[in-house]
Amino acid sequence: MENISVAIRFRPPIPSSSSSDLPWTVDSNRITLLASPVPNLSFTFDHVFDCTSTNATIYGLLVRSLIRSALDGFNGTAFAYGQTSSGKTFTMYGSEDDPGIVPLAVQDVFRTARMSADREFLIRVSYMEIYNEEINDLLTLGSQKLPIHESLERGVFVAGLREEIVSSAEQVLELLKLGKTNMNARSSRSHTIFRMVIESSAKDVNSFGDVTSADAIRVSVLNLVDLAGSERIAKTGAGGVRLKEGKYINKSLMVLGNVINKLSDNGKQRGHIPYRDSKLTRILQPALGGNAKTSIICTVAPEEVHIEETRGTLHFASRAKRVTNCAQINEVLTDAALLKRQKLEIEELRRKLQGSHSGVLEQVVLKQRNDMHKSELERERLIVELEEERKAPEAWCRGTYDEVNMLHPDEFRTPDLKQMSNVFVARRSNCSKDLDSSPIPENFANIADEDLWMRLNKGCTTDLDMLQTPRIKRRSFSSREISLDQPFQEEAIDRKCERLEIQCSLERQQLETSEEQRMILECECNQLREEKASLLQTLSISKQDIDILRAEKEELVKELNLEKQMMKGLKEEIQLFSLAFSQREGLLTSLYTKSKAIVENLKSFQVTTPELYD
């Protein structure tokens, strides 16, 4: 268990304010508030950087150990927190003269990976932003509103996010420039997360000099986060789109503060931690009280006009300093890691990458690995979309049925025979009651005569006219009611007829409404069938694209095999040429030796010539 490392950085004050007017004093790692309403309020942190500190100094004291741990297999996160215009983006990205934490971390990762002699690395990067609680991919135009998913193998991840396999720091910096270009439309009104996934495996060198990989693969995730600046709407006076952006930013930062508050509580007082209330905290869940090493740089403005925002930032930092994480080395022992799936063919290709074609083949191999990784990400995205499309019609039909059931609860309800009263069958007297039971006759004979039947039923005779239906209530009139005046009876009959006509018209309207709803449902079902057909067509097209990618992959493999065969043929020709050259050289050596011997013999042989006289 280790605490989150927290540092404070003061940006330079504006030229109009002097150092004597500043309401804060800095003594080593302690910050003290001098102004009211709470005088002598002190905070202590791991590091406190004044306005003269450079990004390289902050990186060396706070983030470099995080990068080394990420290369060793630990998850790591570093993010900047603070109000608007307090120096967060400058701290994370810097300038050409003073590079920030992100470019320094990228260069340090590749430099350390090259210096490692006992491990080999595979690094892939992604770049995203959270704008108005919507996740957008900064490396791909048009890839917006990406969902967050969770699995046992990958944990919390963003579905459909582009991940690029990289081999050098220069390639990563180019991707960062591309992401900044796509982000310029929203500037600092969004949270940005630059993520590096670092996979590494140990190298064992045997007696023959061949390289073999161990089974355990370390997979770590490094998050470098630049949070949007918090601001007070009453002070900025923002309106329209900027007001909406400020609301979403303040909401996500408020949720982040709530998560930090819950994590800083001890034991039973902690309660539920609201990671899911914001997409920012959901993505950063492993870095907040989880399996990661975390560093927070809180940037503040020293002027007295920003004293309330500065005090809030310092309170947030002091609470974050009490949060503990349990970081562990992430080792994968299955074939899920991308490095292990490609390791054998990469090793085989590396043995052949010597000679004039090494640079071209390196580019081909890197492109092939990127294409394979993109096809896998596309397949995962299609699976997620198909699952959502499969669930959508069921949820829609369920919601439509509930609406119809609420509007007309009796139209589609199955009749419950247990709840029907006795009057549904026939009007009868309640003979089941104890006090109103039929009188018991004095004696029972073998034959029940009519007089006994009348006494048992209290003089009530069963009449078939008393049988009723659920909707049309009919009743039999006693002899007393029949004796009423004829006009009153006719008026009562007319009123009953009118009520029956009104009831029939209402039921007819309900039937017409139900018929219209049925037609609407049929139309919507037809639309759903058409959408299903279009989805199936899209799926077939995607399958065809995947088949095309597989065919291209097979062609590339064939081309590589041809190159291998050509290299093998060249080696054989070189061997033959070397053999012929050695034979020719032997012949020339023997000829040279013989000619030299002949010359020596000629020099030793003296020839006498006759003298000539005049």
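Conventions adopted
- Residues numbered from 1 in each chain as written.
- Predicted model: local features only at pLDDT ≥ 70, side-chain atom pairs only at ≥ 80, totals over all residues.
- Heavy atoms only, no water.
- Helix = DSSP H or I, 4+ residues; strand = E, 2+ residues; numbered from the N terminus.
- Buried < 20%, exposed > 50% of the residue type's maximum accessible area, 1.4 Å probe, protein only.
- Contact = heavy atoms within 4.5 Å.
- Areas by Shrake-Rupley, 256 points an atom, 1.4 Å probe, with all protein chains shown as cover.
- 1 Å grid on protein atoms, 1.4 Å probe; cavity = no way out; pocket = protein on both sides within 12 Å on 5 of 7 lines; lining within 4 Å.
- Points joined across faces, edges and corners; volume = space filled by probe spheres on them.
- Pairing = 2+ DSSP bridges.
- Polar contact = N/O pair within 3.5 Å; in protein donor to acceptor, adjacent residues only side chain to side chain.
- Core = buried A, V, L, I, M, F, W, Y, C linked by side-chain atoms within 4.5 Å.
- Axes fitted to C-alpha atoms, helices over the stretch in contact; angles between N-to-C directions.
- UniProt positions renumbered as here; feature names shortened; annotations may be inferred.
- pLDDT = per-residue confidence, 0-100.
- Phe/Tyr/Trp six-rings, centres within 6.5 Å; stacked < 30°, edge-to-face > 60°.
- Parallel < 35°, antiparallel > 145°, perpendicular 65-115°, else oblique.
- Left-handed = near helix turned anticlockwise from the far one by under 90°.
- Nonpolar A, V, L, I, M, F, W, Y, C, P; charged D, E, K, R; others polar.
- Expected span 1.5 Å × (residues − 1).
- Arc of directions from axis to C-beta.

### Brief notes about the overall build of the protein chain
Then comes step 1: On a plain count of helices and strands, the protein chain comes out with 13 helices and 17 strands.
Then comes step 2: Burial analysis of the protein chain (614 residues in total) assigns 34% to the buried set.
Then comes step 3: The contacts of the protein chain with a sequence gap of at least 6 include a subset with a gap of at least 24, amounting to 73%.
Then comes step 4: For the protein chain, the accessible surface area stands at approximately 39300 Å², while carbon and sulfur atoms represent 55% of it.

### Quick notes on the layout of surface pockets
Then comes step 1: Taken as a whole, the largest pocket spans an internal volume of roughly 1400 Å³.
Then comes step 2: What lines the largest pocket is a set of 50 residues, among which R124, E153, R154, G155 and F157 lie closest to the centre.
Then comes step 3: Elements represented by at least two residues in the lining of the largest pocket include exactly β7 (76-82), β10 (148-151), β11 (155-158), β13 (191-205), β14 (211-226), β17 (331-332), α9 (338-352) and α10 (358-407).
Then comes step 4: A per-element tally of the lining of the largest pocket places α10 first, with eight residues.

### A closer look at the pairing of β10
Then comes step 1: Sheet topology places β10 next to β11; four bridges connect them, and they run antiparallel. The partner of I148 across the bridge, within β11, is V158.
Then comes step 2: Remark: three residues form the turn of the hairpin made by β10 and β11, two consecutive strands paired antiparallel.

### Some thoughts on the side chain of N325
Then comes step 1: Locating N325 in the fold gives a position in strand β16 (residues 324-325).
Then comes step 2: For N325, a relative accessible area of 1% corresponds to the buried category.
Then comes step 3: Within polar-contact distance, the side chain of N325 engages the side chain of T294 at 3.1 Å.

### With respect to the nonpolar core
Then comes step 1: Counting 45 residues, the largest nonpolar core has I8, I31, F45, Y81, L227 and L288 as the members making the most contacts within it.
Then comes step 2: The element best represented in this core is helix α6 (residues 241-264), accounting for seven residues.
Then comes step 3: Those residues within four positions of F45 in sequence are excluded, and the remaining contacts are V6, I8, N29, I31, L314, A317, S318 and K321.
Then comes step 4: Of all hydrophobic cores here, the second largest spans 40 residues; its members include A78, V109, Y127 and M196.

### A short note on the side chain of T281
Then comes step 1: Its place among the elements puts T281 in helix α7 (residues 279-283).
Then comes step 2: You can call T281 buried: its relative accessible area is 1%.
Then comes step 3: Here the side chain of T281 touches S278 through a polar contact of 3.0 Å, landing on its backbone oxygen.
Then comes step 4: Contacts of T281, omitting those with residues within four sequence positions, involve V255, L256, V259, P274 and Y275.

### Points about the sheet that holds strand β5 (residues 41-44)
Then comes step 1: Pairing is antiparallel in the open sheet, where three strands are placed in the order β3-β4-β5. The open sheet has two free edges, formed respectively by β3 (24-27) and β5, since each of these has just one partner strand. Recorded for the sheet is a direction-independent mean angle of 20° between the axes of neighbouring strands.
Then comes step 2: Bridge count between β3 and strand β4 (residues 30-33): four bridges; the pairing is antiparallel. Note that in β4 the partner of W24 across the bridge is L33.

### Some points on the UniProt feature "binding site: ATP" (unreviewed entry) in the protein chain
Then comes step 1: Using the residue numbers shown here, the UniProt feature "binding site: ATP" (unreviewed entry) corresponds to G82, Q83, T84, S85, S86, G87, K88 and T89.
Then comes step 2: Relative to the assigned elements, Q83 resides in the loop between β7 and α2 (88-93).
Then comes step 3: Not counting the four nearest positions on each side in its chain, Q83 is found in contact with K88, G229, S230, T299, A301, H306, E309, T310 and T313.
Then comes step 4: A relative accessible area of 53% means that S85 is categorised as exposed.

### As for the confidence of the model for the protein chain
Then comes step 1: Summing up the model confidence of the protein chain, the mean pLDDT is 77 and the portion of residues at 70 or higher is 71%.
Then comes step 2: Within the protein chain, no element has a lower average pLDDT than helix α12 (residues 479-482), which sits at 45, and none a higher one than helix α3 (residues 101-115), at 95.
Then comes step 3: For residues 411-448, every residue scores under 50 in pLDDT, and the model assigns this stretch 27 contacts once sequence neighbours within four places are set aside.
Then comes step 4: For the stretch residues 459-485, pLDDT sits under 50, and the model shows 27 contacts to residues farther than four places along the chain or on other chains.

### A closer look at unusual backbone geometry
Then comes step 1: Even without a glycine there, the phi angle at S28 is positive, about 60°.
Then comes step 2: When you line up the elements, S28 lands in the loop between β3 and β4.
Then comes step 3: Phi angles above zero are rare outside glycine, and K145 is one such case at about 55°.
Then comes step 4: Looking at the element boundaries, K145 is found in the loop between β9 (134-137) and β10.

### Here we look at the packing of aromatic side chains
The description of an aromatic ring pair rests on the distance of the ring centres and on the angle between the ring planes.
Then comes step 1: Applying the stated criterion to the full structure yields four aromatic pairs.
Then comes step 2: Here F43 and F45 contribute two aromatic rings whose centre-to-centre distance is 6.3 Å and whose plane-to-plane angle is 15°, an arrangement assigned as stacked. An identical accessibility class is assigned to F43 and F45; each is buried.
Then comes step 3: Aromatic pair F577 and F581: ring centres 6.4 Å apart, planes at 25°, arrangement stacked.

### What to know about the packing of α3 against helix α4 (residues 169-183)
Then comes step 1: Two numbers describe how α3 lies on α4: the axes approach to 9 Å, and their chain directions differ by 155°. For the element pair α3 / α4, the angle class is roughly antiparallel. In this structure, the crossing between α3 and α4 has a hand that is right-handed. Facing α3, whose interface residues are V102, P103, V106, Q107 and F110, α4 presents A169, V172, L173 and L176.
Then comes step 2: Its residues placed into classes, the contact of α3 with α4 shows eight nonpolar, one polar and no charged.

### Remarks on α4
Then comes step 1: With 15 residues, α4 extends 21 Å from end C-alpha to end C-alpha; this agrees with the ideal 21 Å at 1.5 Å per step.
Then comes step 2: Turning to α4, its buried residues are A169, V172, L175, L176, G179, N182 and M183. Down the axis of α4, the smallest arc covering the buried residues is 135°, so these residues share one side. Projecting away from the buried face of α4 at angles above 90 degrees are the exposed residues E170, K177 and T181.

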